[in-house]
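As a plain string of letters, each chain reads:
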Amino acid sequence: MIDSLVTFVIGMSGGSAALGIVLFTLAVRLLLVPLAVRQARAARLGRRLAPRLRELRERYARDPQRLAEKTRALYAEAGGSPFGGVGPALAQMPFLWLMYRVATHPTALAGQDLLGAPLGQHLAGVIAHYGLISWPVSVFALIIVLVLVLAWWSSRRMEVPEGQPQAVTRIMRLMPYGSVLAAAVLPLAAGLYLLVSTAWTAGERAVLTSRTA
């Protein structure tokens, strides 16, 4: 299945794996927009109900079952569910996994490059083969820097639910930087995928947040 999909992706891009990864990632993310919209609406509802949810947590702190019942009732009254954003998030996972598999498939990467840098090589391998000061390493470094900028921007704009412990808040704000680490240790093709997908996520979140604010 993956082989056939990779062949199709490369074929629709004129034989360029790099362009195929970009186009395929954009196409899949476009298909997932309805799920992203549902997530944004669920997040908006959670923000609107935050003060009342905080009151419920304080009132029923010693009665978890009663707290759960009241929480469900509050969401039902508002026309939503406490787990309204979970379903869309889980539904996206198989597609995101599929995009990653296409971006790191050996068949797609054999003999393919991005601006002269081999798509199938890790950063350490590129440095070992071409040297630290070389054009392929510069391409790899550019991808990592761009992912880093997007991670910083996403972290700054991240909305952390009220009442979270400070340690949890710090961890949540550090999570976007996981893509930077992944781009540094995975093949260049995966870094390209992460760049495109992260850029889409950042833009999508900005648009949906402004429309659901």
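Preceding block: the structure.
Reading the values: the criteria
- Throughout, a residue's number is its position along its own chain's written sequence, starting from 1.
- The predicted nature of this model means local features are confined to residues of pLDDT at least 70 and side-chain atom pairs, given and counted, to a pLDDT of 80 or more, with totals for whole chains, interfaces and linings taken over all residues.
- Only hydrogens and water are set aside when side-chain values are computed; all heavy atoms of the structure are taken into account.
- Throughout, an axis means a line fitted to C-alpha atoms (over the contacting stretch in the case of helices), and angles, computed between N-to-C directions, take values from 0 to 180 degrees.
- Note on conventions: DSSP H or I runs of at least 4 residues are helices, E runs of at least 2 residues are strands, and numbering of each starts at the N terminus.
- Each angle is binned into one of four classes, with values under 35 degrees roughly parallel, values over 145 roughly antiparallel, values of 65 to 115 roughly perpendicular, and all other values oblique.
- Should the near helix be turned counterclockwise from the far one by less than a right angle, the crossing is left-handed, whereas a clockwise turn marks it as right-handed.
- In what follows, a contact means two residues having at least one pair of non-hydrogen atoms within 4.5 Å.
- Lys, Arg, Asp and Glu make up the charged group, whereas Ala, Val, Leu, Ile, Met, Phe, Trp, Tyr, Cys and Pro make up the nonpolar group; the residues left over, Gly among them, are polar.
- Like charges are joined within 9 Å and nonpolar side chains (Val, Leu, Ile, Met, Phe, Trp, Tyr) within 5 Å, but only among residues with over 30% relative accessible area and no salt bridge; these make up the patches.
- Each accessible area value is a Shrake-Rupley result obtained with a 1.4 Å probe; residue values ignore everything except the protein chains displayed when judging cover.
- Here, a salt bridge means any side-chain nitrogen of Lys or Arg that lies within 4 Å of a carboxyl oxygen of Asp or Glu.
- Residues belong to one nonpolar core when they are buried, are Ala, Val, Leu, Ile, Met, Phe, Trp, Tyr or Cys, and are joined through side-chain atoms within 4.5 Å.
- When accessible area is computed with a 1.4 Å probe and restricted to protein chains, residues below 20% of their type maximum are described as buried, those above 50% as exposed, and intermediate ones as partly exposed.

## Re the packing of helix α3 (residues 33-59) against helix α4 (residues 64-77)
Between α3 and α4, whose axes approach to 11 Å, the crossing angle comes to 150°. Between α3 and α4, the interaxial angle falls into the category roughly antiparallel. Crossing hand, α3 versus α4: right-handed. Of the residues in α4, those in contact with Leu 45, Gly 46, Leu 49, Arg 52, Leu 53, Leu 56 and Arg 57 of α3 are Leu 67, Lys 70, Thr 71, Leu 74, Tyr 75 and Glu 77. When its residues are assigned to classes, the contact of α3 with α4 shows seven nonpolar, two polar and four charged.

## So, a nonpolar patch on the surface
A contiguous nonpolar patch, built from Phe 8, Met 12, Leu 19 and Leu 23 and spanning about 360 Å² of accessible area, is present on the exposed surface. Elements supplying a minimum of two residues to the nonpolar patch: α1 (2-12) and α2 (17-31). Mapped onto the fold, Met 12 is located in helix α1.

## Things to note about the nonpolar core
Within the largest apolar cluster, 28 residues are counted, with the highest numbers of intra-cluster contacts made by Leu 114, Leu 119, Ile 143, Val 147, Leu 188 and Leu 192. Only α2, α8 (135-157), α10 (178-185) and α11 (188-212) provide two or more residues apiece to this core. Other than its neighbours up to four places away in sequence, Leu 114 contacts Ala 18, Leu 119, Val 139, Ile 143, Leu 188 and Leu 192. If you look at the next biggest cluster of nonpolar residues, it comprises eight residues, including Leu 56, Tyr 60, Leu 67 and Leu 74.

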